[in-house]
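Okay, here's what each chain looks like letter by letter:
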Amino acid sequence: MRFSIVLALLLALVPWGDLGAASDVYYQKGRYTVRKVEGTCKLEIALHHGKKKQSSAILALFPTDDYYGEFFTQKDTIGLASQKVRIQFDKQKPVNIAFVLDAAQKDGYWAWQYLDSTDGILRKVAKKSKLTVRFSNVKGEKFKYSISLSGSGNAVKKLRKCR
């Protein structure tokens, strides 16, 4: 029952088309954006390589475990991510997070899926210094993003204040 209710709510929250459409930016600095979509706030962490400013993937987290997390990938360059995302903070053991089955969506630019569980990840984003995200796409290509979490504590504070 939780799955269908939460999935329906998330589908209503997902911005169709451009990620900025139908939403208000509450806070934005560096790779962090706190966005309010349909009355619900989320933290988006842009994943890109090196000095590139264009994101090829986005990890979106909510301030409460009532919602699934979201994982966006560029539709044309990456395509749909496959099965799971592996998240690691600093030198801790990586955690595999499965995608919600049969809930993938896409538009002209992004493909996205819902993360089955994001328990504790937001707290770690605020407190740890490095985040590594690994995943494969449906073609079997592997992707890895390692980013500094500098400034993430402020972004998480802004998310928690967002109403």
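Structure: see above.
From a predicted model like this one, the values you see are computed outputs, not experimental measurements. (Residues numbered from 1 in each chain as written. Predicted model: local features only at pLDDT ≥ 70, side-chain atom pairs only at ≥ 80, totals over all residues. Heavy atoms only, no water.)

**So, the sheet that holds strand S4 (residues 57–61)**
The condition is simple: Pairing between strands is defined by DSSP: at least two bridges between them are needed. Runs of H or I in DSSP of at least four residues are treated as helices and runs of E of at least two as strands, each being numbered from the N terminus.
Spatially, 7 strands are ordered S1-S2-S3-S4-S5-S9-S8 in an open sheet, and the strand pairing comes out antiparallel. The two strands at the open ends of the sheet, each matched to only one other strand, are strand S1 (23–29) and strand S8 (105–106). Here 2 bridges tie S8 to strand S9 (residues 110–115), and the two strands are oriented antiparallel to one another. Looking across to S9, one finds that Gln 105 is bridged to Trp 112.

**Digging into the side chain of Thr 73**
Formally: Any two residues whose heavy atoms approach within 4.5 Å at even a single point are treated as in contact.
Relative to the helices and strands, Thr 73 is located in strand S5 (residues 69–74). Leave out the neighbours within four places in its chain, and Thr 73 touches Ser 56, Ala 57, Ile 78, Gly 79, Leu 80, Ala 81, Tyr 109, Trp 110, Ala 111 and Phe 135.

**Considerations on the pattern of salt bridges**
This is how it is decided: Any Lys or Arg side-chain nitrogen located within 4 Å of an Asp or Glu carboxyl oxygen qualifies as a salt bridge. Burial here depends on accessible area, computed with a 1.4 Å probe over protein chains only, as a share of the maximum for the residue type. Under 20% is buried, over 50% is exposed, and the range in between is partly exposed.
What the rule picks out here adds up to 3 salt bridges. We note a salt bridge from Glu 70 to Lys 42, for which the minimum N-O separation is 2.8 Å. Of this pair, Glu 70 sits in strand S5 while Lys 42 sits in strand S3 (residues 40–47), and the two are 28 residues apart along the sequence. Among the residues examined, Glu 70 registers a relative accessible area of 0% and is labelled buried. Judged by its relative accessible area of 2%, Lys 42 is buried. One salt-bridge network, in which partners are shared between bridges, spans Arg 35, Lys 42, Glu 44 and Glu 70.

**Remarks on the pairing of S1**
In terms of strand pairing, S1 meets strand S2 (residues 32–37) through 6 bridges, oriented antiparallel. For Asp 24, the partnering residue across the bridge sits in S2 and is Lys 36. Hairpin connection from S1 to S2: 2 residues lie between these consecutive antiparallel strands, with Gly 30 at a positive phi of about 60°.

**Looking at the packing of aromatic side chains**
Stated formally: A pair of Phe, Tyr and Trp rings is counted when the ring centres sit within 6.5 Å of each other, with Trp represented by its six-membered ring. The angle between the planes then sorts it: under 30 degrees is stacked, over 60 is edge-to-face, the rest tilted.
Taken as a whole and judged by the stated rule, the model has 8 aromatic pairs. Centre to centre, the rings of Phe 62 and Tyr 67 are 5.1 Å apart; their planes meet at 35°, and the pair counts as tilted. For Tyr 67, a relative accessible area of 17% gives the class buried. Ring geometry for Phe 72 and Trp 110: centres 6.2 Å apart, planes at 80°, overall edge-to-face. Remark: Trp 110 occurs in strand S9 and Phe 72 occurs in strand S5; sequence separation between them is 38 residues. With respect to burial, Phe 72 and Trp 110 carry one shared label: buried. Within the aromatic cluster, the residues linked to one another by ring pairs are Phe 71, Phe 99, Phe 135, Phe 143 and Tyr 145.

Treat this as a map of the structure, not an account of what it does.
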